[in-house]
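# Understanding the architecture of this molecule
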Amino acid sequence: MTAVLKVENLAKHFGGIKAVNGVSFEVAPGELKALIGPNGAGKSTCFNMLMGQLKPTSGRVLFDGRDITGRPPREIWRLGVGRTFQITGTYQSMTVAENVQMALISHHRRLFAMLPRAHRLYREEAMALLETVGMADQADRACAILAYGDLKRLELAIALAHGPRLLLMDEPTAGMAPRERIRLMQLTADIVRERGVSVLFTEHDMDVVFAHSHHIMVLNRGELIAEGSAAEVRANARVQEVYLGGGTLFATEGADA
Ligand code: ADP
Ligand code: MG
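From a predicted model like this one, the values you see are computed outputs, not experimental measurements. Residue indices begin from 1 for each chain and proceed along its sequence in written order. Starting at A for chains and at 1 for ligands, labels are handed out in the order in which the entities are written. In view of the model being predicted, local features appear only for residues whose pLDDT reaches at least 70, and side-chain atom pairs are presented and counted only at 80 or more, with totals across whole chains, interfaces and linings using the full set of residues. The side-chain numbers reported here are obtained from all heavy atoms of the structure, hydrogens and water having been left aside.

## Quick notes on the nonpolar core
To be explicit about the condition: Within this scheme, the nonpolar core is defined by two criteria: the residues are buried Ala, Val, Leu, Ile, Met, Phe, Trp, Tyr or Cys, and they are joined through side-chain atoms within 4.5 Å. Accessibility here uses a 1.4 Å probe with only protein chains present; expressed as a share of the type maximum, an area under 20% marks a residue as buried, one over 50% as exposed, and anything in between as partly exposed. For the purposes of this entry, the term helix denotes a DSSP run of H or I that reaches at least four residues, the term strand denotes a run of E that reaches at least two, and both are numbered from the N terminus. Domain start and stop positions are those given by an automatic or database domain assignment. A contact between two residues is defined here by any heavy atoms of the two lying within 4.5 Å.
Membership of the largest hydrophobic core comes to 52 residues, with the highest contact counts inside it found for Val100, Leu130, Leu154, Ile216 and Val218. Per element, the largest residue contribution to this core is 8 residues, and it comes from helix H5 (residues 148–161). Split by domain, this core shows at least three residues from each of two domains, domain 1 (1–80 + 165–257) and domain 2 (87–163). Contact partners of Leu130, with chain neighbours within four places excluded, come to Val96, Ala97, Val100, Met135, Ala136, Ala139, Leu154 and Ala157. Within the second largest apolar cluster, 25 residues are counted, among which are Val4, Val27, Leu35 and Met49.

## Focus: the site of ligand 1
For clarity, the threshold we go by: The criterion for a residue being near a molecule or strand is simple. One of its heavy atoms has to lie within 4 Å of it. Counting of polar contacts relies on pairs of N or O atoms within 3.5 Å, with two restrictions inside protein: one atom must be capable of donating a hydrogen and the other of accepting it, and residues adjacent in sequence are counted only when both atoms are side-chain atoms. Per-residue and other accessible areas follow the Shrake-Rupley method at a 1.4 Å probe size, with only the shown protein chains counted as cover for residues. Charged residues are taken to be Asp, Glu, Lys and Arg, nonpolar residues to be Ala, Val, Leu, Ile, Met, Phe, Trp, Tyr, Cys and Pro, and polar residues to be all remaining types, Gly included.
Around ligand 1 sit Phe14, Ala19, Pro38, Asn39, Gly40, Ala41, Gly42, Lys43, Ser44 and Thr45, and that is every residue in its neighbourhood. At 3.0 Å from an oxygen atom of ligand 1 is found a main-chain nitrogen or oxygen belonging to Gly42. Measuring from an oxygen atom of ligand 1, one finds a backbone N or O atom of Ser44 at 2.9 Å. For ligand 1, the protein covers 59% of the area, taking 560 Å² as the surface of the free molecule. Looking at which element gives the most residues to the shell around ligand 1, the answer is helix H1 (residues 43–50), with 3 residues. Each residue belonging to the shell around ligand 1 can be placed in one class, and the counts come to 4 nonpolar, 5 polar and 1 charged.

See the structure below:
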């Protein structure tokens, strides 16, 4: 099967700092893949290059076989690469449903929809997306009063409104309570399965990573040092070496949720 995302020898150097240094990997259609690694490993730098926020020093990024290296974020987004959890993506003064409707309006390029009728446009589609993320019962609440975890689920619905083929999630559960984290990733896993969307995500919580990823890649000092299933990555000697210092890889196992 053709990869949705293909990364070839990607590198980003900031002066002498090799933040990302020769990273290659693929994401298959319908795959939920985790990129993990200690702080400063280069995960966010990698994501920013995939989304067009940063231009790579060298290497290539292919989406659906098309070279998108160094293209502007908006163009990459239009091609079908979504990014979740930009807080700025939600308008505090609008309701939950209106935010998703705005995303649908923008996706369909209905620029003249900012009419009094706008509140009815794409209402059904918006409700269906809110149903998907478990937010339908909060559709008519103002965003300003949402709990943090609910806001995160709304942002997922907004990202889905653009019908992405690939979703990039850089620490989507940061700031969430353990139970909420598990719930959000469970939801993401369901969406991957039901919609065939591919997801690449980074995450600190190893319980979440091991429970939900199909495949895990480990980045350290800008280089991939291991990849495989949860069991393979856990058993990997280099991974243990990198993580044992911080103690984060195994310490929380079974402790949350
Ligand atoms: P992670 O997301 O895995 O924690 P980052 O990608 O944020 O890691 O950072 C990787 C390395 O690149 C770190 O050493 C960081 O200090 C450095 N870095 C990131 N962005 C910049 C920048 N704009 N200028 C200089 N150094 C940077
Ligand atoms: Mg980061």
